[in-house]
Structures are given as structure tokens and as C-alpha cells.
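Listed below are the residues making up each chain.
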Amino acid sequence: NHINKNIITYLEKHDLLFEIDTFTNSEQATLKNTAYDIAFVDIEVPPIGGLELASILKQKNNNIIIFVITSYECYLDDAMDLGVFRYITKPIDNDRFFRGFDSAIKRYLTNTRVITVDYYDETYTVFTSDMLYITTENHKAVIITTSGKYKTNNNYIWQQLTTRKLSFQWSI
């Protein structure tokens with residue numbers, strides 16, 4: 001597959017660790033309970049189509065970076081309404097693909113910074129982009145996010161927010 005080959009070439013060239021999932025139909029992708037970070041979606045992937053698949057993937061991870069791949073320009077407006085990152089037409093121009101993928105990696109590194117929150121024997125990972133504010137309750141930091149609130153009994157929360165340490169897993 002041309003796209004897989006380009007992705008692997010880029011990631012190896014930049015010494016990045018990754019995990020790639022490849023599906024031949026959209027149903028396989030929807031059955032996997034994975035919140036992907038980056039997705040390349042063909043518009044005409046059966047049985048539900050690429051735009052509907054992109055919408056489902058966005059429900060699992062609102063921060064997903066989606067590339068739409070197609071031979072048809074008539075889907076451009078619908079793809080933009082979904083907030084896709086790039087719309088790439090076939091045949092794929094490798095230079096354009098690599099420029100777009102490079103931009104996606106930069107966006108990923110900028111927007112998907114996470115902090116680890118420990119509360120006694122529970123550990124949570126919180127995207128900093130989902131954080132609304134931090135407060136205190138009973139001498140403990142409380143992080144309020146778009147999806148709920150997380151208490152922590154560690155004082156290193158501020159250190160994590162000011163230190164640029166990133167770990168990431170690739171799912172494409």
C-alpha cells in the first residue's frame with residue numbers, strides 16, 4: 001500500500017516509534033476499540049464510506065488528525081465540515097503527502113501533550129488540551145477537564161505542565 005509505505009518511510013527517517021493498523025474496510029476500523037491519533041481514510045472505503053468512518057473516529061478521539069484520500073474532489077466540502085486535516089487526491093503526490101504528514105506530526109506534538117494524574121492507587125492520563133482549569137480541594141490538586149474532574153495526591157502536577165516531556169503511541 002502506497003500510503004503505508006510513505007508513513008513507514010517518514011517515521012523511520014525521523015526515528016519515531018509507531019504502531020500502524022491497516023483495514024481493508026470501514027467496519028473493521030469501527031469494531032476496534034481504539035482512539036486513533038492519526039487516520040488516513042479513503043472516501044470510498046466500504047461498507048459505510050470514509051466520511052462516516054471519519055465521523056466515528058472523531059467520536060472516539062476528538063483530537064484525531066484525519067487525512068481524507070480520494071480520487072474525487074466533490075467530497076471536499078463534506079470533508080471540511082468534519083474538520084479533516086488534509087484532503088489528498090489520487091494519484092498521491094509524495095511531496096505533498098510528506099509535507100502534510102510533517103505538519104500533522106507537528107500538530108500532534110503540539111496539541112496532544114498529556115500529564116499523568118495519580119490519586120492513591122489509580123492513575124489517569126489527561127490531555128492538556130482537555131483541561132479547563134486546576135483548583136484545590138482539601139489540599140489536593142483537582143484538574144477540571146471537558147470530560148470530568150481528576151483529583152491528585154501528588155504535588156508534581158505543576159512540574160508536568162511546565163516540562164516538555166512527551167511520550168506517544170502511533171495508531172494510523
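Let us look at the structure shown here. Because the structure is a prediction, the values reported are computed rather than measured.

1. Some words on the overall build of the chain
Here is step 1: Check the secondary structure of the chain and you find six helices and eight strands.
Here is step 2: Counting only residues that meet the buried cut, the chain has 38% of its 172 residues in that class.
Here is step 3: Considering only contacts in the chain between residues 6 or more positions apart, those separated by 24 or more positions represent 52%.

2. Some details on the pairing of strand E1 (residues 38-42)
Here is step 1: Among the five residues of E1, four are classified as buried, and the element is accordingly described as predominantly covered.
Here is step 2: Examined bridge by bridge, E1 and strand E2 (residues 65-70) share five bridges and lie parallel to one another. Residue pairing across strands places Ala39 opposite Ile66, the latter belonging to E2.
Here is step 3: In terms of handedness, the path from E1 via helix H3 (residues 50-60) over to E2 forms a crossover that is right-handed.

Reading guide: rules and limits
- Residues numbered from 1 in each chain as written.
- Predicted model: local features only at pLDDT ≥ 70, side-chain atom pairs only at ≥ 80, totals over all residues.
- Heavy atoms only, no water.
- Helix = DSSP H or I, 4+ residues; strand = E, 2+ residues; numbered from the N terminus.
- Buried < 20%, exposed > 50% of the residue type's maximum accessible area, 1.4 Å probe, protein only.
- Contact = heavy atoms within 4.5 Å.
- Pairing = 2+ DSSP bridges.
- Right-handed = clockwise from strand over helix to strand, strands pointing away.

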